[in-house]
Amino acid sequence: MTSFTAEPPHVTELRRQLSRWVSEKMPREKRREWDKAHTWDRDLFRELAAMGLIGLTIPEEYGGQGEDIYAAAAVIEELCQGGPTMAGPFIHAAFYGGLNISENGSKEQKEALLPKLARGEMFLCYGLSEPNVGGDLPSVETRVERDGDEIVINGAKRWCTGADWSDYIYCLCRSGGPEDRHGNLTFVLVPTNAPGVSMQPIEHVNLRYTASMDVFLDDVRLPASAIVGGPDKWNKGWDALAGRALDVEKIEITAVAYGIARAALEEAWTYAQERTQFGKPISKHQAIAHKLVTARTKLAACRHMLYHAAWLASEHQPCSVETAMAKLYVADTGVEIGLACQQVIGAYGLSDAYDIERNVRDLLGMPIVGGSSDIQKNNLARMLRL
């Protein structure tokens, strides 16, 4: 396993600036309002985009900063200190949009979309899961058919988070018979305002920066240029899904899990030194101190796994095993950290007086979203040739 070096100075400086920005712009009372309303602040996001951070997944020739996956993971981590409300839209622009189009888009798609994504003027959402399809993505039933110079899509997508405010759905479709599970798949950029697209919200308890959506596609007719990568990429969707972009997708969701776990621990750490019981701060009681130092140790291990994987991706080295291990370990361990921190805060940890209640809700979903822990284990067993 390849090692990696100390954090680059530009990332450390980026962290310093973002830490101050989150503290000033995302106070606890606003985080509480956003969570209850399932929303995020558009004006605040425009400030974030003006910093140029979305461009960390976009080449310079298209208005980005040049790809820096390590730095982009650090952005997610720091934004998560204020909850998911800014990290979520950042991911929709920088990863679902910027990274996927940079990696898989046609020249025309890159020229049309990447500058807008870099400026934070455009968002993409995923259209992967379906009512009958979760982790087994090669079994998608939404169909796309060619009709001359056009394509026609019919089907339904589930868990399209942010579809109601995104510009495009990065939509995985079946473009041939089910006999070739991996060969007959095609990605399509579906405009959310296209005729035949309708949607309805799905209530959910975690990552409430927005609603998730059921999306229905009824005879959605688009030009063949809507195929991701252009018409030549017909039936080549699996290559786009299983390639480098998927490795980086695992880094992105792992950074969310790590960032929220870190926020949970920082809150409990401070609380334990301020809360007095039995004549002394509760951090002086061995039961509390042991919970906190165990959580701190687990968090350190999570950080190493996340940034080792991010470093490998930034260096364009093979990292499928490392990203799967990071997603598996950080997601599962983040739940352990969050629950321990909630116990430290006690009854207040069950109220909205502290962030821990929201952070625990968010962490509980991490072993499920972005490729479940069991899926990661299956993938690792295959990659390690068990």
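Higher on the page you've got the structure.
Residues numbered from 1 in each chain as written. Predicted model: local features only at pLDDT ≥ 70, side-chain atom pairs only at ≥ 80, totals over all residues. Heavy atoms only, no water.

Student: Can you tell me about the overall build of the protein, naming the residues and giving the values?
Tutor: Along its length, the protein carries 12 helices and nine strands. Taken over the C-alpha trace, the protein has a radius of gyration of 21 Å; the compact-globule value for 386 residues is 21 Å, and the two agree within 12%. C-alpha atoms of the protein, sized along the principal axes, occupy 80 × 45 × 40 Å. Taken across its 386 residues, the protein has 56% of its residues classed as buried. Per element, the accessible surface of the protein, about 16500 Å² overall, is 51% carbon and sulfur. When the 41 positive and 51 negative side-chain charges of the protein are each reduced to one mean point, those points stand 6 Å apart. (Helix = DSSP H or I, 4+ residues; strand = E, 2+ residues; numbered from the N terminus. Rg over C-alpha atoms; globule rule 2.2 N^0.38 Å. Buried < 20%, exposed > 50% of the residue type's maximum accessible area, 1.4 Å probe, protein only. Areas by Shrake-Rupley, 256 points an atom, 1.4 Å probe, with all protein chains shown as cover. Lys, Arg positive; Asp, Glu negative; His and termini not counted. Charge placed at Lys NZ, Arg CZ, Asp CG, Glu CD.)

Student: Explain the nonpolar core residue by residue, including any values.
Tutor: Ranked by internal contacts, the top residues of the largest apolar core, which has 100 residues, are F45, L79, M86, F90, F95 and V256. The dominant element in this core, judged by the number of residues it contributes, is helix α8 (residues 244-274), at 15 residues. Each residue touching F90, except ones within four places of it in the same chain, is listed here: F45, L53, I54, A72, V75, I76, L79 and F95. By size, the runner-up hydrophobic cluster in this structure holds 22 residues, among which are I151, I169, C173 and A226. (Core = buried A, V, L, I, M, F, W, Y, C linked by side-chain atoms within 4.5 Å. Contact = heavy atoms within 4.5 Å.)

Student: Hey, could you go over the pairing of strand β1 (residues 124-127) for me, with residue numbers and the actual values?
Tutor: Neither face of β1 is open: one carries L124 and Y126, the other C125 and G127, and all of them are buried. Direction of pairing for β1 relative to strand β4 (residues 168-174): parallel, over a ladder of four bridges. Within β4, the residue paired with L124 across the bridge is Y168. (Pairing = 2+ DSSP bridges.)

Student: Residue-level account of unusual backbone geometry, with values.
Tutor: Negative phi characterises most residues that are not glycine, and trans characterises most peptide bonds. One non-glycine residue, H316, lies in positive phi territory at about 55 degrees. Within the secondary structure layout, H316 lies in the loop between α9 (286-314) and α10 (320-345). By relative accessible area, which is 54% here, H316 ends up exposed. Phi is positive for R385, which is not a glycine, with a value near 60 degrees. Positionally, R385 belongs in the segment after α12 (373-383).

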